Amino acid sequence: MALSWRSWLANEGSKHLFLFFWLSLNVWLFGKTFLLYNQGLQYYYLHQMLGLGLCVSRASASVLNLNCCLVLLPMCRVLLAFLRGSQKVASKKTRRLLDKSKTFHVTCGVTICIFSVLHVAAHLVNALNFSENYSEEFVTLNAANYRGEDPRKLLFATVPGLTGVIMVLVLFLMCTASTYAIRVSNYDIFWYTHNLFFVFYMLLMLHVSGGVLKYQTNLEEHPPGCFNPNKTLQQNLTVPKVFEELFPDYTTEPFPGDLPVPEPFVQNSFVRVCSEEPKFQSHFPETWFWISGPLCLYCVERLYRYIRSNKPVTITSVISHPSNVLEVRMMKDDFEARPGQYVILHCPRVSALESHPFTLTMCPTDTKATFGVHLKVVGDWTERFRDLLLLHSNQDTEILPIFQQRRYPKLYVDGPFGSPFEEALNYEVSLCVAGGIGVTPFASVLNTLLDDWKCYKLRRLYFIWVCRDIESFRWFADLLCMLHSKLWQENRPDYINIQLYLSQTDGIQKIIGEKYQALNSRLLIGRPRWKLLFDDIAKCNRRKTIGVFCCGPNKISKILHKLSNSSNSYGTRFEYNKESFS
């Protein structure tokens, strides 16, 4: 059971503990700000006018400031790739936390949505209270112009109100378009609406500059609830008895009974006398301090990425593989990448604004400058991209020398960026599980091992690939055969354990063939028996830490995740990693 706890802590526990810490931090910040506005003397008169609406609106605003500040940091991909690849983060556990950047981004986004609802509800109450509790004694404190003013004017005829309404609409579009159903069915909607974040931040800058909520600046000269004998008071209101005894000359003047006299100032017939009228001032927009740093960092990074990717790549070859898979090989000056990383492709002729991430299946080395990606043709973007590259060619394979190549469309590459699969070579034993096109992250790992495997920590690799049709294995059959042959020649046949699973038996007669004889014996029909597989790996690697890497359907991912957290009798610990583009 202790081992099970350690596995859970290594795989999922750290994320859960961090989320618990993050939730606690937000609740603490909300409570601290709530008490400040509920008990702070500088907000006494404003609190008397607005009640709990003031406290809730300001407390939720402080939480929104924190999350709007940090939600951009997980999207700084260059920064994350630098931290992962540098010696600044030497701990493997810390580097694995960087893989949770998308989870942290989503957590901040959900927190923004929840506290935005509280913030909007509180300000709706505040708008109503500004109208109903209008006081001519504190004209500068009022957002309304007169008692009974339509609260809708405060919402639609003021800068803070109008920007707030537009921000709610923008946030609603971004949140709804971020749901799993919309992202899967129409990624374009998600991509375009998510880029409205820039509009959101510009509106946020304007929203906080309105200065609707104010605090008292002269507490020494005018303590809340003090008595000013030189002030002309409202009529038809009686003076409290305590003031009649202390100031008999002013007993004919009424006192604003709607403002209670605080207990701390009335004890033993003692009343503080104020020397001047209360003065109110708007807060400096603290939100600017919160978001200016991350927003500038993000903008600088985007500018750097634009400059870095401004020069188009040279497409050296385009290969059409079975099952609607396209391979694109490219060259670019000074391009460096590590196995497991991914790039973002942008083709202006396909879409002027859209760009999509693809895992590198071939990385440049000291001997060759070529790098490549495999992409599954699904959706409008990949279909248009394929048509532009192949020009409706019926040939299955099209490789042309550089001096004879056709005029391909301009293609820009942004990256590379880090992913969990960079760690596959940093374990002594790794288990790589791919489902269909999910094999692409492991292709770059296999290509790297083909060049030289001795310089890495990895000493045994379990490679499991599950496909629905036999033709899919042809995507990387040549690579697997070359690696298998190389390891046999170097007397290390146990270095890699290849298992290919065909989940559907239709067309099994077209089995890989004589060319790939080495893979025929490793081709199995059906689905892997994951529990037996994990037990066998644990038995062969006692008391070792094994890296588990998965890129495939969620069903397989959940099974592997659960098994990685399970205990075993061999002292073997599994650390789970999953591909997740940020």
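It should be emphasised that the depicted structure is a prediction, and the values quoted were computed from it without experimental measurement.

Some remarks on the packing of aromatic side chains
Centre-to-centre distance and the angle between the planes together describe a pair of aromatic rings.
And step 1. All chains considered together, the criterion is met by 20 aromatic pairs.
And step 2. An angle of 90 degrees between the planes, with centres 5.4 Å apart, marks the rings of Trp191 and Tyr192 as edge-to-face.
And step 3. Overall, Tyr192 belongs to the partly exposed group, its relative accessible area being 37%.
And step 4. A ring pair is formed by Tyr427 and Phe549, whose centres lie 5.8 Å apart and whose planes are at 75 degrees; its orientation type is edge-to-face. Separated by 122 residues along the polypeptide, Tyr427 in the loop between strand 11 (412-417) and strand 12 (429-435) and Phe549 in strand 16 (residues 545-551) bring together distant segments of the chain. Side by side, Tyr427 and Phe549 carry an identical accessibility label, which is buried.
And step 5. Among the aromatic residues, ring-to-ring pairing joins Phe421, Tyr427, Phe442, Phe463, Trp465, Phe473, Trp475, Phe476 and Phe549 into one connected group.
And step 6. Residue placement shows Arg77 over the ring face of Phe417; its charged tip is 5.8 Å from the ring centre.

So, the UniProt feature "transmembrane region" (unreviewed entry) in the protein chain
And step 1. Taking the UniProt record as the reference, the feature "transmembrane region" (unreviewed entry) is found at residues 20-39, 59-83, 104-125, 154-177 and 189-208.
And step 2. Strand forms 0% of residues 59-83 and helix 76%; the C-alpha atoms that close the span are 34 Å apart.
And step 3. Helix makes up 85% of residues 189-208 and strand 0%. Its end C-alpha atoms lie 29 Å apart.

A short note on the side chain of Asn67
And step 1. Position of Asn67 relative to the elements: it lies in helix 3 (residues 52-70).
And step 2. Residue Asn67 is classed as buried on the basis of its relative accessible area, which comes to 0%.
And step 3. Within the local environment of Asn67, its side chain forms a polar contact with the side chain of Trp22, the two groups lying 3.4 Å apart.
And step 4. Leaving out residues up to four positions away in the same chain, Asn67 has contacts with Trp22, Asn26, Cys108, Thr111 and Ile112.

Section: the nonpolar core
And step 1. Within the largest apolar cluster, 40 residues are counted, with the highest numbers of intra-cluster contacts made by Leu449, Phe463 and Trp465.
And step 2. Those elements that place two or more of their residues in this core are strand 12, helix 15 (440-451), strand 13 (460-467), helix 16 (477-489), strand 14 (496-502) and strand 16.
And step 3. In this structure, Trp465 is in contact with Ala434, Gly436, Val439, Ser472, Phe473, Trp475, Phe476, Leu480, Gln499, Leu500 and Tyr501, ignoring residues within four places of it in sequence.
And step 4. Listed in part, the 29 residues of the second largest apolar core include Leu64, Cys108, Leu204 and Leu295.

A few points about helix 13 (residues 286-308)
And step 1. With 23 residues, helix 13 extends 34 Å from end C-alpha to end C-alpha; this agrees with the ideal 33 Å at 1.5 Å per step.
And step 2. The largest bend in helix 13 is about 35 degrees, located at Ser292, with the proline Pro294 one to four residues further on.
And step 3. The complete set of buried residues in helix 13 reads Thr287, Ile291, Pro294, Leu295, Tyr298, Glu301 and Arg305.

Notes on the sheet that holds strand 14
And step 1. On the basis of which strands lie adjacent, the open sheet formed by six strands has the order 15-14-13-12-16-17 and parallel pairing. Two strands lie at the open edges of the sheet, namely strand 15 (523-525) and strand 17 (573-578), each paired on one side alone. For this sheet, the mean inter-axis angle between neighbouring strands, taken without regard to orientation, is 20 degrees.
And step 2. Of the strand pairs in this sheet, strand 13 and strand 14 are connected by seven bridges, and their pairing is parallel.

Each value, and the rule that gives it
- Residues numbered from 1 in each chain as written.
- Predicted model: local features only at pLDDT ≥ 70, side-chain atom pairs only at ≥ 80, totals over all residues.
- Heavy atoms only, no water.
- Phe/Tyr/Trp six-rings, centres within 6.5 Å; stacked < 30°, edge-to-face > 60°.
- Buried < 20%, exposed > 50% of the residue type's maximum accessible area, 1.4 Å probe, protein only.
- Helix = DSSP H or I, 4+ residues; strand = E, 2+ residues; numbered from the N terminus.
- Lys NZ or Arg CZ within 6 Å of the ring centre and 35° of its normal.
- UniProt positions renumbered as here; feature names shortened; annotations may be inferred.
- Polar contact = N/O pair within 3.5 Å; in protein donor to acceptor, adjacent residues only side chain to side chain.
- Contact = heavy atoms within 4.5 Å.
- Core = buried A, V, L, I, M, F, W, Y, C linked by side-chain atoms within 4.5 Å.
- Expected span 1.5 Å × (residues − 1).
- Bend = angle between axes of the 7 residues up to and from the residue.
- Pairing = 2+ DSSP bridges.
- Axes fitted to C-alpha atoms, helices over the stretch in contact; angles between N-to-C directions.

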